[in-house]
Amino acid sequence: MLESFQIIISLLDSTIRIATPLIFCAMAGIFSERSGIIDIGLEGKMLLSAFVAATATFLTGSPIFGLFAAILVSCSASLIHGFACITNKGDQVISGLAINILASGLTITLGIALFSRGGQTPPLASEQRFMPIDFPFLDQLSFVPVFGELFVEVISGHNILVYLSVLAVFFTYYVIFKTRFGLRLRAVGEKPEAVDTAGISVIKMRYQSILIAGMLCGLAGAYLSIAHGAGFGREMSAGKGYIALAAMIFGKWNPIPTLFACLLFGFLEALGVRLEGVELIWIGEVPVQVMQALPYVLTVVLLAGFIGKARAPGAIGVPYSKEG
Amino acid sequence: MKNSENKGGNEAIASLPPSTESAIELKNITKRFGHVVANSDVNLKVRTGTIHGIVGENGAGKSTLMNILFGLYKPDSGMIFLNGKAVDVNSPEKSIALGIGMVHQHFMLVPTFTVLENAMLGNEGSMLLRSGEEVVLDRLKGLSNNYGLDVDFEAIISDTPVGMQQRVEILKALNRGAKILILDEPTGVLTPQETIGLFDILRSLREQGVTIILITHKLKEIMSITDTVSVMRGGKVVADFSTEKTSPEELAENMVGRKVLLSIKKPILKVGKPVLEVKNVSHESKDGVLVLKNISFDLKEGEILGIAGVAGNGQSELLDILSGIETLQRGQITVNDKTILPFQDWNSKKAREFGVAHVPEDRHKRGLVLPFYNYENSILGYHRNEDYSSGFLMDKRKILNFVDDLVENFDVRPRSSSISSGKLSGGNQQKLVLAREIESNPNILLVGQPTRGVDIGAIERIYADLMKLKSKGTAILLVSVELDEIMSLSDRIVVMNQGTIVGETNSSNATELELGKMMSGLEQV
């Protein structure tokens, strides 16, 4: 009994760690797609910023500097995306894919050129990373049964970016649904003509949205390489950007449901890691690939039948043009 | 955005005294799109506190001119004066700040937003929505009471009727402080009752000093509500009239550039035996909504039966079933003594074999393949005909011969078989579709919205072709949302509302008011 409780606690703990970059990316996706821009480049932006965060931190020794460098680079990638598909009305999926391919190649090439370690960056010392923060009163609380343990093991003891990701969800919710900016952002994703004829610049709104998305992706990347991990490894984003995209669709472009979708996918992955090589009764050993595929399968199945139709913003993927 | 922020529409309007000076003056406006001159040297003057109509055919440059005034397009040359002062309207933001509001033909509303959210967009009152909503709602309620703009602020736009959506558009403009209101084809989607309601609103706006520009192609509306009217043709303003001193005939002549026969001579024919009988047809849409409920009627040789109704009341589904595009689910159809039962093999190929031709409501979606050449489009659906194909290969020479005659006989311009149909004007595309269907010698012709987006000259021609067909004894089922069209072409009229037939009448004793009431579901006959 005690052992299974321990297992659950540790599963929840890794769920949160795994879900953090998903949450940042999914919120980024919400900002971008609510404004009508498909953001398949979440993956690439995260990868780029992970690389830049690790590199900048290694070179300067300051994770804060690394974080800002990551955000800067991710925003630049957003601007490239914007220049291609907002200013020049290109295809948003193609442009996003291009960013992913660019990120994948560029990080490895630059990594090898700079550090000659097969694409990896040198490991970072613990003072060069965002380290776990312990909450106060841990000693006293650890005596409280169940809750105390949950608090100590699951809630407390994460790095600052984990807590920031939760804040990002509420930030996203508040901005999108409670502010004038959010009203215009949603309007521009549903019916840009309505925004244009209301005397608001569609182009400006969309650039602002993807810049916010860029910042959030930067945080996700930094989390991977200088908070959760201690350095960059090639392809370390490993499809998380796509899972975040799935979580966002699963959450119907709403921040709170999307948060739960990210947690669910995080949990599935944690479970997958946990079950690796473990014999299950009746089933036997589950191949890793099956567990890895679960989030996608789940998205398709749930979207197909259970949670109703996910309605994308009305004008998503359509470049805005005034004259015809 | 700053300048549009602090304007309450109300006060701004009330402080403007009615006067004879011009609210708007456009001087020598020219606008080109590539090689096409949309507006050429246009001059226009509108007095403050009046309703000014602009009429013209499609492509005459009305909408372009208004989009220039609203700041959506930049003119290549020319000047705009507001209340006597030269202004540079280079963006909607600027024009809104100058007090110009526009209600577009296709509404600029966010379908997923509430009425309130739509009305406040662009002038939200505050950075935060909650505090802004209170301010704006107060202001909107004032405007709404003042002008009889009855709306439900909580409703989601996509759930509201078009009439209300239009009122939201007007509110939106007033909320931003509009003193000049441009309405682009505002009555196209309205029932006659809603149109009367809209005109009442426009009159009360005029009383309080708002200047209104009304763009329309409906001459009757121009005559009934405007003070002055300008006629546009070929990108130019060709005539200005005081409404009292002109007539629909004179306006039409100026629009087209020649005399137009607006009245239709209906050939008087003895109707023959019924060729199409529809019995208790019901239909469920893919979303499980019952879109047709127990429809029954018959159509006789040499008769035109008009189906009137506001768009979206089941007419389209009815046409789809009769033409074989949709499966018959319930009821029974008899075509030329052949009976079709539910879920029987019934498709558009079979419909054609049975002598049913179909001019679809949406010529772009179903009537033509736009990038195809005229000669290809002219045999669509009849391409299996042995005249044009030898089983496998198409006989291009025969097709071209046929099509050359076709465009000649039906006055499709330009008279070319090898131009892609997408390059034709709406009216000529429609003539092409109609020509194709008439040439198949049907004895039943289903026609949906024959003159939607078609200019007067082409309308005249299309009506004449339909009458010619009728006099040959073909039975014609005419579905249209244009009440005038239904009344002047049909022998008998049935009215549809929410998937049922709510009334039937002879066109000779039908009145617009009575039909309008039936269309809005107010009265069962």
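The coordinates are above.
Counting starts from 1 at the beginning of each chain's written sequence and moves along it residue by residue. Here the convention is simple: chains get letters from A, ligands get numbers from 1, in the order in which they are written. Under the rules for a predicted model, residues below a pLDDT of 70 receive no local features and side-chain atom pairs below 80 are neither given nor counted, while totals for whole chains, interfaces and linings still include all residues. Excluding hydrogens and water, the side-chain values take into account all heavy atoms of the structure.

## Digging into the overall build of chain B
1) Next: Strands are runs of DSSP state E lasting at least two residues, helices are runs of H or I lasting at least four, and both sets are numbered from the N terminus onward. The secondary structure content of chain B amounts to 19 helices and 22 strands.
2) Next: Our radius of gyration looks at C-alpha atoms and nothing else; its globule reference is 2.2 Å times the residue count to the power 0.38. Over its C-alpha atoms chain B spans a radius of gyration of 25 Å, differing by no more than 12% from the 24 Å that the globule rule assigns to 525 residues.
3) Next: With respect to the three principal axes, the spread of C-alpha positions in chain B is 70 × 45 × 45 Å.
4) Next: Here, two residues are considered to be in contact whenever any of their heavy atoms come within 4.5 Å of each other. A fraction of 67% describes how many contacts in chain B between residues 6 or more apart in sequence connect residues 24 or more apart.
5) Next: Taken together, the 59 basic and 66 acidic charged side chains of chain B have centroids lying 4 Å from each other. Counted as positive: Lys and Arg. Counted as negative: Asp and Glu, with His and the chain ends omitted from the count. All charge positions are set by atom: Lys at NZ, Arg at CZ, Asp at CG, Glu at CD.

## A look at empty space enclosed by the protein
1) Next: Here a cavity means grid points, on a 1 Å grid over the protein atoms only, where a 1.4 Å probe fits yet cannot get out; a pocket means an open set of points with protein on both sides within 12 Å along at least five of seven lines; lining residues are those with an atom within 4 Å of a point. Grid points are joined across faces, edges and corners, and a volume is the space filled by probe spheres set on the points. Evaluation of the coordinates by the stated rule reveals three cavities of 30 Å³ or more.
2) Next: Looking at the second largest cavity, its volume works out to about 50 Å³.
3) Next: Forming the boundary of the second largest cavity are Thr197 of chain A together with Gly101, Met102, His104, Met108, Glu169, Lys172, Ala173 and Arg176 of chain B.
4) Next: Contributing elements (two or more residues each) for the lining of the second largest cavity: β6 (100-103) and α7 (162-175) of chain B.
5) Next: If you tally residues by element for the lining of the second largest cavity, the top one is α7 of chain B, at three residues.
6) Next: Just so you know the grouping, Ala, Val, Leu, Ile, Met, Phe, Trp, Tyr, Cys and Pro go in nonpolar, Asp, Glu, Lys and Arg go in charged, and all remaining residues, Gly too, go in polar. Residues belonging to the lining of the second largest cavity are distributed by class as follows: three nonpolar, three polar and three charged.

## Concerning the interface of chain B and chain A
1) Next: With 29 residues of chain B in contact, the opposing surface of chain A contributes 23 residues.
2) Next: The term buried area denotes the loss of accessible surface (1.4 Å probe radius) that occurs when two parts are joined, taken as the sum for both partners. In total, chain B and chain A occlude about 2300 Å² of area from one another, counting both sides; carbon and sulfur atoms represent 63% of this.
3) Next: Criterion for a salt bridge: a side-chain nitrogen of Lys or Arg within 4 Å of a carboxyl oxygen of Asp or Glu. The interface formed by chain B and chain A holds two salt bridges in total.
4) Next: The salt bridge partner of Arg186 of chain A is Glu117 of chain B, with a shortest N-O separation of 4.0 Å.

## Notes on the packing of helix α6 (residues 129-147) of chain B against α7 of chain B
All names here are of chain B.
1) Next: Between α6 and α7, the least distance of the axes is 10 Å, while the angle of their chain directions is 120 degrees. Of the two possible hands of crossing, α6 and α7 adopt the one that is right-handed. Judged by residue contacts, Val136, Arg139, Leu140, Leu143, Ser144 and Tyr147 of α6 engage Leu171, Leu174 and Asn175 from α7.
2) Next: Of the residues in the contact of α6 with α7, the class split is six nonpolar, two polar and one charged. Where helices are involved, their axes are fitted lines through C-alpha atoms of the stretch in contact, as for all axes, and angles between N-to-C directions lie from 0 to 180°. Should the near helix be turned counterclockwise from the far one by less than a right angle, the crossing is left-handed, whereas a clockwise turn marks it as right-handed.

## What about helix α17 (residues 456-471) of chain B?
Residue and element names in this part refer to chain B.
1) Next: Here α17 contains 16 residues, and its C-alpha end-to-end distance of 23 Å stays within 8% of the 22 Å for a straight helix at 1.5 Å per residue.
2) Next: Partly exposed describes any residue whose relative accessible area lies between the buried limit of under 20% and the exposed limit of over 50%, with all areas from a 1.4 Å probe on protein chains only and scaled to the type maximum. Every buried residue belonging to α17 is among Ile456, Gly457, Ala458, Ile459, Ile462, Tyr463, Asp465, Leu466, Met467, Leu469 and Lys470, and all of these are buried.
3) Next: As for α17, its buried residues are in contact with α10 (248-256), β13 (304-308), α16 (426-439), β19 (444-448), β20 (475-479) and α18 (483-489).
4) Next: Two residues or fewer past α17, Gly473 is found with a positive phi of approximately 100 degrees. By this rule, a helix spans an expected 1.5 Å times one less than how many residues it contains.

## Re a nonpolar patch on the surface
All names here are of chain A.
1) Next: Residues Val93, Leu97, Ile101, Tyr242 and Tyr296 make up a contiguous nonpolar surface patch of about 420 Å² in total accessible area.
2) Next: Here the nonpolar patch takes three residues from helix α4 (residues 92-115), the largest share from any one element.
3) Next: Mapped onto the secondary structure, Leu97 falls in helix α4. Exposure above 30% relative accessible area and no salt bridge define the residues that can form patches, which grow by joining like charges within 9 Å and nonpolar side chains of Val, Leu, Ile, Met, Phe, Trp and Tyr within 5 Å. What sets the accessible areas is the Shrake-Rupley method with a 1.4 Å probe; for residues, cover comes only from the shown protein chains.

## With respect to unusual backbone geometry
1) Next: A cis amide bond links Arg413 of chain B with the next residue in sequence, Pro414 of chain B, at an omega value of -5 degrees.
2) Next: By the element assignment, Pro414 of chain B lies in the loop between α15 (396-409) and α16.
3) Next: For Glu235 of chain A, which is not glycine, the phi torsion reads 55 degrees and is therefore positive.
4) Next: Counting through the fold element by element, Glu235 of chain A comes out in the loop between α10 (202-228) and α11 (240-250).

## Quick word on the packing of aromatic side chains
1) Next: Two rings from Phe, Tyr or Trp (for Trp, the six-membered ring) form a pair when their centres are within 6.5 Å of each other. A pair whose planes differ by under 30 degrees is stacked, one over 60 is edge-to-face, and the rest are tilted. Per the counting criterion, the structure on display carries eleven aromatic pairs over all chains.
2) Next: Centroid distance Tyr173 of chain A to Phe177 of chain A: 5.4 Å. Interplanar angle 50 degrees. Geometry classified as tilted. Of this pair, Tyr173 of chain A and Phe177 of chain A are both found in helix α7 (residues 160-178), four residues apart, which corresponds to roughly one turn of the helix.
3) Next: Residue class for Tyr173 of chain A comes out partly exposed when judged on its relative accessible area of 33%.
4) Next: Through pairs of rings, three or more aromatic residues link up here, namely Phe135, Phe151 and Tyr163 of chain A.
5) Next: Charge over a ring is defined by NZ of Lys or CZ of Arg lying within 6 Å of the ring centre and within 35 degrees of the ring normal. Cation over ring: Lys338 of chain B sits above Phe354 of chain B, and NZ or CZ is 4.8 Å from the ring centre.
6) Next: The ring centre of Tyr382 of chain B lies 4.9 Å from the NZ or CZ of Arg352 of chain B, which sits over that ring.

## What to know about the sheet that holds strand β11 (residues 274-284) of chain B
Residues and elements named next belong to chain B.
1) Next: Pairing between two strands is assigned when DSSP locates at least 2 bridges connecting them. A sheet is described by the order of its strands in space; here four strands give the open sequence β12-β11-β14-β15, paired in antiparallel fashion. The open sheet terminates on both sides in strands that have one partner only, identified here as β12 (290-300) and β15 (338-340). Taken over all neighbouring pairs, the strand axes of this sheet differ in orientation by 15 degrees on average, direction set aside.
2) Next: Pairing of β11 with β12, which is carried by seven bridges, proceeds in the antiparallel orientation. Bridged to Val281 within β12 is Ile295.
3) Next: With respect to the sheet, helix α11 (residues 315-322) is in contact with β11, β12 and β14 (330-335), its orientation differing from that of β12 by roughly 60 degrees.

## So, the environment of Val271 of chain B
Residue and element names in this part refer to chain B.
1) Next: Its location among the elements puts Val271 in the loop between α10 and β11.
2) Next: Taking C-alpha positions, Val271 is 9.0 Å from Ala475, a pair spaced 204 residues apart along the chain.
3) Next: Discounting residues that sit within four places of it in the chain, Val271 has contacts with Lys300, Glu301, Gly302 and Glu303.

## Topic: the side chain of Ser165 of chain A
All names here are of chain A.
1) Next: Relative to the helices and strands, Ser165 resides in helix α7.
2) Next: When its relative accessible area of 1% is taken as the criterion, Ser165 is described as buried.
3) Next: With sequence-adjacent residues up to four places away left out, Ser165 is seen in contact with Thr20, Ile23 and Phe24.

## Some remarks on the packing of α7 of chain B against helix α8 (residues 192-207) of chain B
Residue and element names in this part refer to chain B.
1) Next: Interaxial distance between α7 and α8 falls to 10 Å at its minimum, and their mutual angle equals 15 degrees. The orientation of α7 with respect to α8, classified from their angle, is roughly parallel. The interaxial crossing formed by α7 with α8 has right-handed handedness. Here Gly163, Gln166, Arg167, Ile170 and Leu174 of α7 come into contact with α8, specifically with Glu194, Leu198, Ile201 and Leu205.
2) Next: Along the lines of polarity and charge, the residues of the contact of α7 with α8 split into five nonpolar, two polar and two charged. The labels follow the angle: roughly parallel below 35 degrees, roughly antiparallel above 145, roughly perpendicular from 65 to 115, and oblique for the rest.

## Quick look at the sheet that holds β20 of chain B
All names here are of chain B.
1) Next: Strands sit in the order β16-β19-β20-β13-β21-β22 across an open sheet of six strands; the sheet is mixed. A single partner strand is all that each edge strand has here, and the edge strands are β16 (356-359) and β22 (500-506). Ignoring strand direction, the axes of neighbouring strands in this sheet form an average angle of 20 degrees.
2) Next: Summarising the sheet, β19 and β20 pair through five bridges and their orientation is parallel. Bridge assignment links Leu445 to a residue of β20, and that residue is Ile476.
3) Next: Of the strands in this sheet, β13, β21 (492-497) and β22 touch helix α19 (residues 512-519), which is tilted by about 30 degrees from β21.

## Brief notes about the pattern of salt bridges
Residues and elements named next belong to chain B.
1) Next: Taken as a whole, this structure holds 29 salt bridges over all chains when the rule is applied.
2) Next: The salt bridge partner of Lys300 is Asp298, with a shortest N-O separation of 3.7 Å.
3) Next: A residue is classified by how much of its surface remains accessible, and Lys300, at 22% relative accessible area, is partly exposed.
4) Next: Asp298 sits in the partly exposed class, given a relative accessible area of 23%.
5) Next: Three or more residues are tied together by salt bridges with common partners; here these are Asp298, Lys300, Glu303, Arg492 and Glu504.

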